[in-house]
Amino acid sequence: MARLLLVFAVALSMGCFSCSPKAPDSEPTIAKPAPSEPIPRGKAEVAPKLVVLVVMDQLASWVLDMYLPILPDESFLRRVSEEGTFLQAALPYASTQTAPGHASLTTGVPPSMHGIVANAIYDPKHGPRKTVDDKTHTTLGNPARFVSPIMLKTPTVADGLLQKTDGRARVVGISIKARAAVLPVGKKPTAAIYYDSTAKGMTTSTYYQPNLRLPDWLRDFVTANPVEPLLQAWEPERPSWLEANFGPDPRMGEMFPIFPHDPKDAENPYEAFMSFPESTDYLIAAAYAAVKAEQMGLDDAPDLLVLGVSGTDIVGHIWGPRSWEYADNLVRTDRALGRFAAILESRGPVAFVLTADHGIAAMPESIVDEGGDAGRLKHQAVVAHAERAADQALGPGDWIAAYVPPLVSYTEAGKKQHEALDKALLNEMPKLKGVKGVYDAHDGAALRSSSRDIEKLVGNSLPVDPPGDLYLVTDEYWFDALSELGGTNHGTPWAYDRLVPVILWGAGIEKRSSDRIHSVLQVATSLAALLGVPAPALAPQESLPGVMQLPD
């Protein structure tokens, strides 16, 4: 089981997934954090000195709506959804993956403009590679891994903040996933920190540290907080609560259905660690170390922290959002975020914006059990079907290079026959079970002008120079398979993948609610308003409700 968990974690990273850690100066540790009551924030009219964007990877609106009523009475998410502004927003594009989601949240534009179409793309020279893999800037502690934001084409809120403050503002992106740490904070952040299993801890790349040294604070954190003591077997905290709300464990479709889950059984426990609740505790401890070391929120220049909570996504993929594992992990994450927010609120005026980069589909087994149609679309099946259709239209040949969701890429021979190949595949690909339709990836402008919503969403996913030739859309409740073992995924234009919550609270935030579905792109405009800087040039002009007009 554990060896397969490692295989899945590697696939997920492509985008298809006491020795207690200590924060500096005796602040709460991961293992036994100090309990705290909500700390009064003072008047909402006070401008924040620190703005925190919390991106809970994969937290769909339908998932949070399911959990809020049943979370513990002391739930942090319940409290802030009641005290602050609680909204629903839609991603205005079809490629609902992690990388385009994080890029869109701070650029205020869709993938057609910022250029991050998916988590990974097909490179004719290197094969599939991540959109943060520039083949140049190595990860400190893992020279085989490359990370930078070079593919990002448009500025972020962070870039505008640094420009307005002449570089005095501190901008930090931090996540378990590299793409979630790197893309939201632009080209010149103070730091972009992510986890690497080979480095066995939080690290960064030579793009940010050309001197080949970790920042002093990060080196000290990694030294003081080894991951090894956190590689503990995972047992649910409240089995009776879990069974009362979700029924017996396990549910259909789970990859590794039986508790306990022990990372030490894995071929690489440090890779498996990313799918365990302790990874979120570790991440948040590192985030506070960054805040402390960079003295964020303590001077007259506002600062920006982007915290990408990856665990909700990784656990969701493996066990699904209605599993005991997801519920147990969400309760622990909720508690950890509450402690972190309380500490930050005690340091000075701070504003929080919590949202998600995309949603998630329910397990296909549960949809089928309820009488619906659902399933997992295998990559090999897509390529094989496309090759057969190409051979029938053009004669035997090598026409299809790869399928890296959501894009099918042609070989050089296929590109030379682009028009004929398009015609054949546009007709034949929807005959493959699970495929709704395909679109010429070079027709982005025309698709954006379409009167059909799904075509507009696809068009908003496609830049002028798309990293593929054919955009594939699955049927509703179908998605690209991550593993033969089961699990679930996202990446489609359907509502369950595009609708996400947005919760704002703290300094500069009123108590509001709204039935209107807003645009996720307004998050960038709202962050800029809270920071007192201009929004990115092409971002929406209007902030989200609840963001107050504050004096400069």
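Residues numbered from 1 in each chain as written. Predicted model: local features only at pLDDT ≥ 70, side-chain atom pairs only at ≥ 80, totals over all residues. Heavy atoms only, no water.

**As for the overall build of the chain**
Definition in use: Numbering of helices and strands runs from the N terminus; a helix is a DSSP stretch of H or I covering at least four residues, while a strand is a stretch of E covering at least two. As a reference, a globule follows 2.2 Å times the number of residues to the power 0.38, and the radius of gyration itself is taken over C-alpha atoms. For each residue, the accessible area found with a 1.4 Å probe, counting protein chains only, is set against the maximum for its type, and the residue is called buried under 20%, exposed over 50%, and partly exposed in between. Calculation of accessible area relied on Shrake-Rupley with a 1.4 Å probe; when residues are assessed, cover is drawn exclusively from the protein chains displayed. We score Asp and Glu as negative and Lys and Arg as positive, and we do not count His or the chain ends. Where a charge sits is defined by one atom per residue type, namely NZ (Lys), CZ (Arg), CG (Asp) or CD (Glu).
Helix and strand counts for the chain stand at 21 helices and 19 strands. For the chain, the C-alpha radius of gyration of 22 Å lies close to 24 Å, the compact-globule estimate for 552 residues. Here the C-alpha coordinates of the chain stretch approximately 70 × 50 × 50 Å along the principal axes. Every one of the 552 residues in the chain was classed for burial, and the buried ones make up 63%. A total of about 20,600 Å² of accessible surface is found on the chain, and carbon and sulfur atoms cover 51% of it. Across the chain, the mean location of the 49 positive side-chain charges is 3 Å away from that of the 66 negative side-chain charges.

**Thoughts on the environment of Q88**
Counted only if it meets this: Two residues qualify as a contact provided that any one of their heavy atoms is within 4.5 Å of a heavy atom in the partner residue. Polar contact criterion, stated in full: a pair of N or O atoms within 3.5 Å, where within protein one must be able to donate a hydrogen and the other to accept it, and residues adjacent in sequence count only if both atoms are side-chain atoms.
One can find Q88 in strand β2 (residues 85-90). Here the alpha-carbon distance between Q88 and V520, two residues 432 residues apart in the chain, equals 8.7 Å. Residues within four places of Q88 in sequence aside, it is in contact with S61, L499, V500, R516, I517 and H518. At a separation of 3.3 Å, a polar atom in the side chain of Q88 contacts the side chain of S61.

**Regarding the pairing of strand β4 (residues 127-130)**
Put simply, the rule reads: A pair of strands counts as paired when DSSP detects no fewer than two bridges linking them.
When strand β3 (residues 120-123) meets β4, the two strands line up antiparallel, connected through four bridges. In the sheet register, D123 faces β4, and the bridge partner there is G127. Counted along the chain from β3 to the antiparallel partner β4, the turn is three residues long.

**With respect to the pattern of salt bridges**
Any two side chains of opposite charge can pair, so long as their charged atoms come close to each other. Here is the rule: Throughout this description, the term salt bridge denotes a Lys or Arg side-chain nitrogen within 4 Å of a carboxyl oxygen of Asp or Glu.
Counted under the stated rule, the structure contains 25 salt bridges. Between D133 and K135 there is a salt bridge, and its shortest N-O distance comes to 3.0 Å. Look at D133 and you get buried, because its relative accessible area is 10%. As a salt-bridge pair, K433 and D373 come within 3.4 Å of each other at their nearest N and O atoms. Taken together, the residues K433 in the loop between α17 (418-428) and β15 (435-440) and D373 in the loop between α14 (364-369) and β12 (375-377) connect sequence positions 60 residues apart. Note on D373: relative accessible area 42%, which makes it partly exposed.

**Examining the side chain of S104**
Assignment of secondary structure puts S104 in helix α4 (residues 98-107). Separated by 3.3 Å, the side chain of S104 and the backbone oxygen of V109 make a polar contact. Beyond its immediate chain neighbours, meaning those up to four positions away, S104 contacts Y93, V109, P110, P111, H114 and L521.

**Focus: the environment of D373**
Along the primary structure D373 and D475 are separated by 102 residues, whereas in three dimensions their C-alpha atoms are 9.1 Å apart. A distance of 3.1 Å separates polar atoms of two side chains, one belonging to D373 and the other to W478.

**Some remarks on the pairing of strand β6 (residues 142-146)**
Where strand β5 (residues 138-139) meets β6, two bridges bridge the pair, whose relative direction is antiparallel. When the bridges of β6 are listed, T138 appears paired with F146. What sits between the antiparallel neighbours β5 and β6 is a turn of two residues, in which G141 has the positive phi angle 100°.

**So, the packing of aromatic side chains**
Where we set the bar: Pairing of aromatic rings covers Phe, Tyr and Trp, the last through its six-membered ring, and needs centres within 6.5 Å; plane angles under 30 degrees mean stacked, over 60 mean edge-to-face, and all others mean tilted.
Enumeration according to the criterion identifies 14 aromatic pairs in this entry. Geometrically, the ring pair formed by W234 and F259 is edge-to-face, given 5.6 Å between the ring centres and 80° between the ring planes. Note that W234 is positioned in the loop between α8 (216-224) and α9 (239-246) and F259 in the loop between α9 and α10 (269-272), a separation of 25 residues in sequence. When the centroid spacing of 5.8 Å and the interplanar angle of 55° are considered together, the rings of W234 and F276 count as tilted. Of this pair, W234 sits in the loop between α8 and α9 while F276 is found in the loop between α10 and α11 (278-293), placing the two residues 42 residues apart along the sequence.

**What to know about unusual backbone geometry**
Omega for the peptide link from D249 to P250 comes to 0°, which places this bond in the cis form. With respect to the element layout, P250 can be found in the loop between α9 and α10. Here the amide bond leading from F259 into P260 is cis, since omega sits at -5°, within 30 degrees of zero. Here P260 is to be found in the loop between α9 and α10. A positive phi is found at Q58, a non-glycine position, where the angle reads about 80°. Following the sequence through the fold, Q58 ends up in the loop between β1 (50-56) and α2 (61-67). Take Q58: its relative accessible area is 0%, and that puts it in the buried class. Non-glycine residue K200 carries a positive phi angle of around 60°. Classification of K200 as partly exposed rests on a relative accessible area of 43%.

**Observations regarding the sheet that holds strand β16 (residues 470-474)**
As a reminder of what qualifies: Axes here refer to lines fitted to C-alpha atoms; in helices the fit is confined to the stretch in contact. Angles between the N-to-C directions go from 0 to 180 degrees.
Spatially, β13-β14-β16-β15 is the arrangement adopted by the four strands of the open sheet, whose pairing is antiparallel. The sheet is open, and its two borders are formed by β13 (400-404) and β15, each paired with just one other strand. In this sheet, adjacent strand axes meet at a mean angle of 25° when their direction is disregarded. Here β13 pairs with strand β14 (residues 407-410) via four bridges, running antiparallel. When the sheet's bridge partners are listed, I400 is paired in β14 with Y410. In the packing of helix α15 (residues 379-394) onto the sheet, the strands contacted are β13, β14 and β16, and the crossing angle to β13 comes to about 150°. Against the sheet, α17 contacts β13, β14, β15 and β16, and its axis sits at roughly 165° relative to β15.

Scope: geometric values only; no functional claims are made or implied.
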